[in-house]
Amino acid sequence: MAPIGTIHYLVTAAALFILGVIGVLTRRNVVIILMSIELILNAVNLNLVAFSRIWGLHGQVFAIFVITDAAAEAAVGLGILIAFFRNKETVNVDEVDLLKW
Amino acid sequence: MQEIAQPGMEPVATTFFFYFLSGITLVSGVFVITRKSPVHSALALILGLLAQAGLYLMLYAPFVAGVQIILYAGGIMVLFLFVIMLVNLERSQKEEQFNKQWLIGLLAAIALGALFVLVYVKGKSLFPYRIAQPIENSNTQQIGVMLYGQYMFAFEIASLLLLVAIIGAVVMAKKRI
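Residues numbered from 1 in each chain as written. Chains lettered and ligands numbered in written order. Predicted model: local features only at pLDDT ≥ 70, side-chain atom pairs only at ≥ 80, totals over all residues.

### Observations regarding the overall build of chain B
Secondary structure summary: chain B contains 6 helices and 0 strands in total. Sequence-ordered secondary structure for chain B, helices as α and strands as β, is α-α-α-α-α-α. Expressed as a percentage of the 177 residues in chain B, the buried residues total 21%. Within chain B, residue pairs in contact and separated by at least 24 positions form 56% of the contacts whose partners lie at least 6 positions apart. (Helix = DSSP H or I, 4+ residues; strand = E, 2+ residues; numbered from the N terminus. Buried ≥ 20, exposed ≤ 12 C-beta atoms within 10 Å, placed from the backbone. Contact = placed C-beta atoms within 7 Å.)

Set out below in structure tokens:
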């Protein structure tokens, strides 16, 4: 087998990204969509840290900021979910159609 | 590929650990997007995050691995589990799990995957094999120097972002404002 280079990590991150995109596009449950978004962010983080091995520590600092951002976004997204669930008693995104005309 | 080998710090069984950890990450990713119960998806995501922390350790990034375990697997996923418990999802587990446009979404994701494969095959010469990694036992110090020096502004903005997110989440989840 070839020695593990940067490209191996990049392919893993790309596959994780594709899985997250499939999760966002095909599921109905809002919580699972939010978890698929976390998958996408993790794939990006893996890419950043894989490149930081070659180009210096900037990738790791950026990855820390991405994790911070993911925490803030998960908190706000789940707050929205709770507020919506209190009104409509459903967690399916198909039924979020209050603004539909 | 030239590894900078410090005395006594030779990497061991890199191939096995890489395939093992990335296999766990990808399989748990598949479990996240296909399980019917959100608790199963959350637990699979926690396993994937821990395996990814192992991948960060293989990439000589111990501080990011520690932040991933503490913040991501130990903070964000616990928040997800709390909200799953608050929002009673029993009824939604009996309904249809995939939405009406699942086929188009799958095709779009496969097209994106084909684009990734094209980029990685054509641009293989762009990823050099030189490894310029910093000395391992001062990784946290160097990240700290960069965070408080070069990235000070982004650091302060990130703390402001967290403040705004806290206020927003509390206001939105209250019963009466």
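### Some details on unusual backbone geometry
At Glu89(A), a position not held by glycine, the phi torsion is positive, near 60°. Structurally, the position occupied by Glu89(A) is in the segment after helix H3 (58–88). Assessed through the 12 C-beta atoms surrounding it within 10 Å, Glu89(A) is described here as exposed. Phi at Tyr60(B) is positive, roughly 60°, even though this residue is not glycine. In this structure, Tyr60(B) sits in the loop between helix H2 (38–58) and helix H3 (62–86).

### Some points on the domain arrangement of chain B
Once the domains are mapped, chain B shows domain 1 (12–90) and domain 2 (137–177). On a C-alpha basis, the centres of domain 1 of chain B and domain 2 of chain B stand 22 Å from each other. (Domains from an automatic or database assignment.)

### Comments concerning the packing of helix H1 (residues 6–26) of chain A against helix H1 (residues 14–34) of chain B
Relative to each other, H1(A) and H1(B) sit at 5°, their axes nearing to 9 Å. By the angle class used here, H1(A) and H1(B) are roughly parallel. Of the residues in H1(B), those touching H1(A) at His8(A), Thr12(A), Ala15(A), Leu16(A), Leu19(A), Ile22(A) and Gly23(A) are Phe18(B), Ser22(B), Thr25(B), Leu26(B), Gly29(B), Val30(B), Val32(B) and Ile33(B). (Axes fitted to C-alpha atoms, helices over the stretch in contact; angles between N-to-C directions. Parallel < 35°, antiparallel > 145°, perpendicular 65-115°, else oblique.)

### Remarks on the interface of chain B and chain A
Accessible area lost during the coming together of the parts is what is often quoted as the interface size. With 75 residues of chain B in contact, the opposing surface of chain A contributes 64 residues. The element best represented in the side of chain B that touches chain A is H3(B), accounting for 13 residues. Within the side of chain B that touches chain A, the residues separate by chemical class into 54 nonpolar, 17 polar and 4 charged. (Nonpolar A, V, L, I, M, F, W, Y, C, P; charged D, E, K, R; others polar.)

### Some details on H1(B)
Over its 21 residues, H1(B) runs 30 Å from end to end, which matches the ideal 30 Å to within 8%, given 1.5 Å per residue. Within H1(B), burial applies to Leu21(B), Ser22(B), Thr25(B), Ser28(B), Gly29(B), Val32(B) and Ile33(B). Projected onto a plane normal to the axis of H1(B), the buried residues spread over an arc of 135° and lie on a single side. Facing away from the buried side of H1(B) by over 90 degrees, the exposed positions are Thr15(B), Phe16(B) and Gly23(B). Lining the buried residues of H1(B) we find H1 and helix H2 (30–55) of chain A together with H2 of chain B. (Expected span 1.5 Å × (residues − 1). Arc of directions from axis to C-beta.)

### Looking at the nonpolar core
Judged by nonpolar contacts, the single largest core of 62 residues is most densely connected at Val31(A), Met35(A) and Val49(A). Among the secondary structure elements, those contributing two or more residues to this core are H1, H2 and H3 of chain A together with H1, H2, H3 and helix H6 (152–173) of chain B. Tallying contributions element by element places H2(A) first for this core, with 13 residues. Built from parts of two domains, this core gets at least three residues from each of domain 1 (12–90) and domain 2 (137–177) of chain B. (Core = buried A, V, L, I, M, F, W, Y, C linked by C-beta atoms within 7 Å.)

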